[in-house]
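Read off the chains here:
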Amino acid sequence: MTLKKLSVTILALIFILAITACGAKQAGGTKYKFATDAAYAPMEFMDKDKIAGFDIDFLAEVMKEAGLQYEVTNTGWDTMLTSVQQGKEFHAGISSVSITDERKQTYDYSIPYFESTNMILVKEGSPIKSATDLKDKKVAVQISTTADTLMTKIIGEDNKSLKRLDNNTLALMELENNGVDAVVADIAIVREYVKNNPNKKFVTIADPKNFESEYYGILLPKGSELKAKLDPAIKKVIENGTYAKVYQKWFGQEPDTKKLLEQK
């Protein structure tokens with residue numbers, strides 16, 4: 001074999017090895033583990049043995065755009081918060097987690113992907129018309145949520161009339177069973193509950209004066225390298241119309257993506 005032919009053969013072998021190594025790297029890599037609290041329909045909930053909901057479909061599109069492998073595990077709310085903070089068992093959490101200044105001291109977030117607000121739910125005939133009417137009432141909230149924070153400010157930290165429960169399902173059951181006068185929770189959860197229980201004569205109360213808009217982000221441990229991969233993918237999914245399709249599927253209306261993209 002001539003020196004020229006030998007050189008060509010060696011170069012060809014190097015090229016094949018490089019392609020093979022590149023393919024192996026893409027086929028493998030990190031499988032990112034997300035925690036969620038699947039008791040928050042229509043955002044995330046158990047559909048038989050599968051986790052379903054807006055957040056789950058949205059995450060699928062983001063991870064597809066980013067080219068990343070992942071899995072989602074239903075852990076419950078408190079476990080999710082603790083596990084993501086530790087950053088050992090889970091790389092991230094997605095569960096309608098509001099971005100707050102207090103949480104930013106402990107966690108990092110992706111860019112915002114959903115606009116929400118809290119809403120009051122009462123039974124028909126209730127005298128409650130706004131958040132300020134809740135001061136002397138019994139109110140149920142999910143513990144460690146923005147609803148908990150808001151109602152703590154209105155009712156008081158040690159007021160036994162504020163029932164902090166493990167999830168919104170328990171809070172809603174308290175209202176059904178006359179254990180409380182009202183439930184405060186995210187608007188999507190309240191509306192979904194009313195839609196699925198048309199015969200129970202519940203009334204929803206919006207109060208933009210006391211309950212401002214808030215934004216959800218994907219929860220990350222401090223200093224997570226995953227943020228740099230998620231943020232561009234989230235932005236692309238929102239901009240290219242994929243986000244609107246997922247939103248339309250779950251809420252039957254168009255999202256205000258312009259306002260969402262303005263958030264930092």
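Starting from 1, residues in each chain are numbered consecutively following that chain's sequence as written. Residues qualify for local features only when their pLDDT is at least 70, as the model is predicted, and side-chain atom pairs are given and counted only at 80 or more; totals for whole chains, interfaces and linings, by contrast, use all residues. Side-chain measures were taken over the full set of non-hydrogen atoms in the model, leaving aside hydrogen atoms and water.

## Comments concerning the side chain of glutamate 214
The secondary structure listing takes helices from DSSP runs of H or I that are at least 4 residues long and strands from runs of E that are at least 2 residues long, numbered from the N terminus. As for its placement among the helices and strands, glutamate 214 is situated in strand E14 (residues 214-216). Burial here depends on accessible area, computed with a 1.4 Å probe over protein chains only, as a share of the maximum for the residue type. Under 20% is buried, over 50% is exposed, and the range in between is partly exposed. Here Asp and Glu are counted as negative and Lys and Arg as positive; His is not counted, and neither are the chain ends. Think of a salt bridge as a Lys or Arg side-chain nitrogen and an Asp or Glu carboxyl oxygen that are within 4 Å of each other. The side chain of glutamate 214 is buried and forms no salt bridge, while arginine 103, the nearest opposite charge, is found at 6.7 Å. Polar contacts involving the side chain of glutamate 214 include one to the side chain of asparagine 118, which spans 3.2 Å. A polar atom in the side chain of glutamate 214 sits 2.9 Å from the side chain of threonine 146. Here a polar contact is recorded for every N or O atom pair within 3.5 Å, except that within protein the pair must consist of a potential hydrogen donor and a potential acceptor, and residues adjacent in sequence are included only if both atoms are side-chain atoms.

## A closer look at the confidence of the model for the protein chain
Note on scores: pLDDT gives the predictor's confidence for each residue, bounded by 0 and 100. Here the protein chain shows a mean pLDDT of 90. Residues at 70 or above account for 89%. In this analysis, two residues are considered to be in contact whenever any of their non-hydrogen atoms come within 4.5 Å of each other. Throughout residues 1-27 the model reports pLDDT below 50, and contacts reaching past four residues in sequence, or to other chains, amount to three contacts.

## Notes on the sheet that holds strand E9 (residues 118-123)
Spatial strand order, E11-E10-E12-E9-E13: five strands in an open sheet with mixed pairing. Single-partner strands in this sheet number two, and they are strand E11 (162-165) and strand E13 (202-205). Between one strand axis and the next, the sheet turns by 30° as a mean value, whatever way the strands run. With four bridges joining them, strand E10 (residues 139-142) and E11 adopt parallel strand pairing. The partner of valine 139 across the bridge, within E11, is leucine 162. Note on definitions: angles span 0 to 180 degrees between N-to-C directions of axes, and those axes are lines fitted to C-alpha atoms, for helices only across the stretch in contact. Running over the sheet, helix H7 (residues 187-196) touches E9, strand E12 (182-186) and E13 and is turned about 30° from E9. Two strands pair under a simple rule: DSSP has to find at least two bridges between them.

## With respect to the pairing of E12
Across the five residues that make up E12, a large majority, five, are buried. One ladder, built from four bridges, connects E9 with E12; its direction is antiparallel. Note that in E12 the partner of asparagine 118 across the bridge is aspartate 186.

## Details of unusual backbone geometry
Here the bond from alanine 41 into proline 42 is cis, since omega is 5°, no more than 30 degrees from zero. The backbone of serine 144 sits at a positive phi, close to 65°, despite the residue not being glycine. Positive phi outside glycine occurs at lysine 201, with the angle close to 55°. By relative accessible area, lysine 201 is classed as exposed at 53%.

## Digging into the nonpolar core
One finds Phe34, Phe54, Phe58, Tyr113, Ile218 and Tyr243 to be the most contacted residues of the largest nonpolar core, which totals 31 residues. Of all the secondary structure elements, the ones that give two or more residues to this core are strand E1 (31-36), helix H2 (54-66), H7, E14, helix H8 (227-239) and helix H9 (242-251). Dropping the residues within four chain positions of it, phenylalanine 54 is found in contact with Pro42, Met43, Tyr113, Phe114, Tyr243, Val246, Tyr247, Trp250 and Phe251. Core analysis: the next-biggest nonpolar cluster, separate from the first, contains 15 residues, Val122, Ala131, Val139 and Phe211 among them. To qualify as a nonpolar core, a set must consist of buried Ala, Val, Leu, Ile, Met, Phe, Trp, Tyr and Cys residues joined through side-chain atoms within 4.5 Å.

## Remarks on the sheet that holds strand E3 (residues 44-47)
The three strands lie next to each other as E2-E3-E4, forming an open sheet whose pairing is antiparallel. The sheet terminates laterally at strand E2 (39-40) and strand E4 (50-52), the two strands that pair on one side only. Summarising the sheet, E2 and E3 pair through two bridges and their orientation is antiparallel. In the sheet register, alanine 39 faces E3, and the bridge partner there is phenylalanine 45.

## Observations regarding the pattern of salt bridges
Going through the model one piece at a time under the given rule, you end up with 13 salt bridges. The partner of glutamate 176 in a salt bridge is lysine 200, with the nearest N and O atoms 2.9 Å apart. Taken together, the residues span a long stretch of sequence, with glutamate 176 in helix H6 (residues 168-176) and lysine 200 in the loop between H7 and E13 at a distance of 24 residues. For lysine 235, the salt bridge identified is with glutamate 239, shortest N-O distance 2.6 Å. Taken as a pair, lysine 235 and glutamate 239 lie in helix H8 at a separation of four residues, close to a single helical turn.

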